[in-house]
Amino acid sequence: PVLLGCGSAQPGGCPALCECSEPAKTVKCVNRNLTAVPPDLPPYVRSLFITGNPLTDLPAGAFPAQRLPDLASLNLSGNYLRTVEAGALALPALRQLDLSGNALVSFSPQAFGEGGSPLEELALRGALRDQGVLLSLAALLQSGALRNLSRLELADNGLLLLPAGMFTALPALRQLDLSNNSLVGLRNVSFQGLGQLQSLNLSDNSLGVLWNSTLAQFRSLPALRHIVLGHNTWVCDCAIEDLVAWLKESDQVEGKEALTCASPDKMLGKALLKINGSDLNCSVPTDLPSQLQTSYVFLGIVLALIGAIFLLVLYLNRKGIKKWMHNIRDACRDHMEGYHYRYEINADPRLTNLSSNSDV
């Protein structure tokens, strides 16, 4: 069990369950049934592979910075990692990190230490199935701890929506892979500040439309020349007019000729680039839900003003209204007394005769 858990050093400073190459500065601990990071990794290592092991946790100090000052590439893919604690990845030379194929549940925003990290490439393919860990990652990215990040891979995670402002503190980002998720929209996603972004992969999602606000952000990114939008569920109604116009004028989208409508049925399979106004037959504004919402708000404000004016009029005329109410009450009382008097006469024959005689 001791050997399986951490390994024992072989002559030359290589853990017993790993393969080491000092000339290549590489250590590989692949499919060795490790349950913990070997504590006796050689200090010369620059590329470390610990993959295919039942490794579940990365505690603080799992990779001691003083012992591993030159570790630049760390591959932890295909393990059973669930938690990454604060300080677990605080390595001064770390440039590449691959956590793909794990089932992360907890990822500390301080995983890379307090002073930030030189990390340039982060791969999390299929590792963010838990919503809580996605929010933790967003907090980590927004904290500015990974300002040197140039490549971020978030594919194969089943993501529906992305936290707002998730990428705003990544000024060096060049490649962003969001493919093979379930993204239904990008309205809450801000690409502002990504002036170095060159490649954006949004293929194999559930995007039905890209609104003009998102398209305007794409236009504003000078380095963005490779956008992949294939295999999405484009809804070809009036709301897609802005997207079609942008596709026809833009040279940013790769393979845009292959983009086709997924609905409605009459537009199924039609190329987006071949859509024109007569196909859509738009007679209502494209952003109707937003306009309806605005109309409801305006109507509510008008009704509130009318109500306030009505109450003010009542307050200013309270004396006249009170007098008017008294007059109505007196008139009703006189009327009811007349009915009561006639009822008493009709009920007594003597009074009836008297009344007839007096009439004569």
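Residues numbered from 1 in each chain as written. Predicted model: local features only at pLDDT ≥ 70, side-chain atom pairs only at ≥ 80, totals over all residues. Heavy atoms only, no water.

The name given to the chain in an unreviewed UniProt entry is TPBG protein, with the source organism recorded as Acrocephalus arundinaceus.

Asks: How should I be thinking about the pairing of strand S5 (residues 47-51) in this particular structure?
Replies: Two faces belong to every sheet, and in a regular strand the side chains alternate between them. Sheet analysis places strand S4 (residues 26-30) next to S5, joined by five bridges and oriented parallel. Each residue of the ladder has a partner; that of Cys29, found in S5, is Ile50. Summarising the sheet, S5 and strand S7 (residues 73-75) pair through three bridges and their orientation is parallel. Residue pairing for S7: Phe49 is matched across the bridge by Asn75. (Pairing = 2+ DSSP bridges. Helix = DSSP H or I, 4+ residues; strand = E, 2+ residues; numbered from the N terminus.)

Asks: Help me understand helix H3 (residues 212-220), please; the structure alone is not making it clear to me.
Replies: Every α-helical turn comprises 3.6 residues, leaving residues that sit three or four positions apart pointing alike. Buried within H3 are the following residues: Thr214, Leu215, Gln217 and Phe218. Down the axis of H3, the smallest arc covering the buried residues is 155°, so these residues share one side. On its buried side, H3 packs onto strand S14 (199-201), strand S15 (226-228) and helix H4 (241-249). (Buried < 20%, exposed > 50% of the residue type's maximum accessible area, 1.4 Å probe, protein only. Arc of directions from axis to C-beta. Contact = heavy atoms within 4.5 Å.)

Asks: Help me understand H4, please; the structure alone is not making it clear to me.
Replies: For H4, the complete set of buried residues consists of Leu243, Val244, Trp246 and Leu247. End-on view of H4: buried residues confined to an arc of 165°, all on one side of the axis. Against the buried residues of H4 lie H3, S15, strand S16 (234-235) and strand S17 (253-254).

Asks: What is the right way to read the sheet that holds strand S12 (residues 151-153) from this model?
Replies: The pairing of strands in a sheet happens through backbone hydrogen bonds and is either parallel or antiparallel. Pairing is mixed across the open sheet formed by eleven strands, whose spatial order is S3-S4-S5-S7-S9-S11-S12-S13-S14-S15-S17. In this open sheet, the two edge strands, each paired with only one partner strand, are strand S3 (19-21) and S17.

Asks: Explanation requested: the sheet that holds strand S8 (residues 83-84) in the structure shown.
Replies: Across the sheet, three strands lie side by side as S6-S8-S10; this open sheet has parallel pairing. Two strands close off the open sheet at either side, each with one partner strand: strand S6 (57-58) and strand S10 (106-107).

Asks: What is the right way to look at the nonpolar core in this model?
Replies: Note that soluble globular proteins tend to have their nonpolar side chains buried in a common cluster. In terms of nonpolar packing, the biggest core is built from 87 residues, with Leu58, Phe63, Phe112, Leu152, Phe167, Phe218 and Leu272 touching the most fellow members. Residue assignment for this core shows that the elements contributing at least two residues are S4, S5, helix H2 (131-142), H3 and H4. Among the elements that line this core, the one with the most residues is H2, at six residues. Discounting chain neighbours no more than four positions away, the residues touching Leu272 are Trp234, Cys236, Ile240, Leu243, Val244, Leu247, Leu259, Thr260 and Cys261. (Core = buried A, V, L, I, M, F, W, Y, C linked by side-chain atoms within 4.5 Å.)

Asks: How should I be thinking about a nonpolar patch on the surface in this particular structure?
Replies: On the surface, Phe310, Leu311, Leu314, Ile321, Trp324, Met325 and Ile328 cluster together into a nonpolar patch covering about 690 Å² of accessible area. Mapped by element, the contributors of at least two residues to the nonpolar patch are helix H6 (288-316) and helix H7 (318-347). If one sorts the elements of the nonpolar patch by residue count, H7 sits on top with four residues. By secondary structure assignment, the location of Ile321 is in helix H7. (Patch = residues over 30% accessible without salt bridge, like charges linked within 9 Å, V, L, I, M, F, W, Y side chains within 5 Å. Areas by Shrake-Rupley, 256 points an atom, 1.4 Å probe, with all protein chains shown as cover. Salt bridge = Lys/Arg side-chain N within 4 Å of Asp/Glu carboxyl O.)

Asks: So what exactly am I meant to see when it comes to the environment of Ser190 here?
Replies: Within the secondary structure, Ser190 sits in the loop between strand S13 (175-177) and S14. Residues Ser190 and Ser213, 23 residues apart in the sequence, show an inter-C-alpha distance of 9.7 Å. Once you skip the residues sitting within four places of it in the chain, Ser190 turns out to touch Phe167, Thr168 and Gln217. A polar contact of 3.3 Å, which involves the side chain of Ser190, links it to the backbone nitrogen of Gln192. (Polar contact = N/O pair within 3.5 Å; in protein donor to acceptor, adjacent residues only side chain to side chain.)

Asks: In this structure, what is going on with the side chain of Asp156? I would like to understand it.
Replies: Examined against the element boundaries, Asp156 turns out to sit in the loop between S12 and S13. Classification of Asp156 by relative accessible area gives buried; the value is 17%. Separated by 2.6 Å, the side chains of Asp156 and Arg125 make a polar contact. Within polar-contact distance, the side chain of Asp156 engages the side chain of Asn180 at 2.3 Å. Look past the residues within four positions of Asp156 in its chain and what remains in contact with it is Arg125, Gly126, Arg129, Ser179, Asn180 and Asn181.

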